[in-house]
Amino acid sequence: MAAAEEEIAVKEPLDLIRLSLDERIYVKLRSDRELRGKLHAYDQHLNMILGDVEEVVTTVEIDDETYEEIVRTTKRTIPFLFVRGDGVILVSPPLRTA
Amino acid sequence: MSSGGADKPGSGGGAVKTPSDFLKSIRGRPVVVKLNSGVDYRGILACLDGYMNIAMEQTEEYVNGQLKNKYGDAFIRGNNVLYISTTKRTLADGA
Amino acid sequence: MSQNNPSQLLPSELIDRCIGSKIWVIMKGDKELVGTLCGFDVYVNMVLEDVTEYEYTAEGRRITKLDQILLNGNNIAILVPGGSPPDV
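The name that an unreviewed UniProt entry assigns to chain C is U6 snRNA-associated Sm-like protein LSm5, with the source organism given as Dichanthelium oligosanthes. You can read under Subunit (unreviewed entry) in the UniProt record for chain C the words "LSm subunits form a heteromer with a doughnut shape." For the record of chain C, the UniProt heading Subcellular location (unreviewed entry) holds the text "Nucleus".

Under an unreviewed UniProt entry, the name given to chain B is Sm-like protein LSM6A, and the source organism is Zea mays. Entered under Sequence similarities (unreviewed entry) in the UniProt record, the comment concerning chain B runs "Belongs to the snRNP Sm proteins family. SmF/LSm6 subfamily."

Here's what the structure looks like:
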């Protein structure tokens, strides 16, 4: 089989991650954390190393007086980080065409 | 260990469908994946593995029945999965 | 072995006898499902058909109808053969 063909095939879910190496990906984590960054490495647990990461943390507070929900998002950038796989909910690679 | 009657073809009158039969039958089909958090993902199932890790296409994320996000491709880590459903039926809100 | 002694009936054999009939699944947390059991595996992941899902939320009970599902065995707490629905 042609190497190129082999590379494109998504036979198991982790292939989707393999195809995203060196691309910017979106990662949804537990406790309302989201990351966008370049995927440098990953393993079968979905531990990941990301670079040039933007982290968004969403918090909901209840106003003491009006009891209204206040949704806050906190953004920060982190040059390089390790994500432990057990916190990962979803990974979405950049849109690819064929 | 029993595997849902697969080792006993007689039981269940031929209608037995084990989890692995189910997984084989749903590739490429529209599915709803519900997570333990209550979030739903609707899309086309590309593939999955024994951990219930899932790769989906044309994925839509629903929180409390409302569309919140769309992803071209999505990988969902299996430990979060409550169920994978084949359905065209719509949600019905109870009282 | 004595087939009539209930203690000799393995839990997995009990579930095996439910194949083709209704079963009521109570999850850890506020979820319950009722459906026809099609099969299961060693983790008690289950394939269910004609499923009704009941979620108990702050806004009340939410009911979802599903054709066929693969239910992750990880969060199952209790199985009730016969599947009497969790009615009001």
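The structure having been displayed, the exposition proceeds.
Q: For this particular structure, what's the right way to read the pairing of strand β3 (residues 48-62) of chain A?
A: All names here are of chain A. Bridging between strand β2 (residues 33-42) and β3 involves eight bridges; their strand directions are antiparallel. Directly across from E34, in β3, lies its bridge partner V56. Between β2 and β3, which pair antiparallel and follow one another directly, the connecting turn spans five residues, one of which, L46, has a positive phi of 75°. In this structure, β3 lies alongside strand β4 (residues 69-83), joined through 14 bridges in antiparallel fashion. The partner of V56 across the bridge, within β4, is K75. Between the antiparallel neighbours β3 and β4 lie six residues, among them Y67 with a positive phi of about 60°.

Calculation rules
Residues numbered from 1 in each chain as written. Chains lettered and ligands numbered in written order. Predicted model: local features only at pLDDT ≥ 70, side-chain atom pairs only at ≥ 80, totals over all residues. Heavy atoms only, no water. UniProt positions renumbered as here; feature names shortened; annotations may be inferred. Pairing = 2+ DSSP bridges. Helix = DSSP H or I, 4+ residues; strand = E, 2+ residues; numbered from the N terminus.

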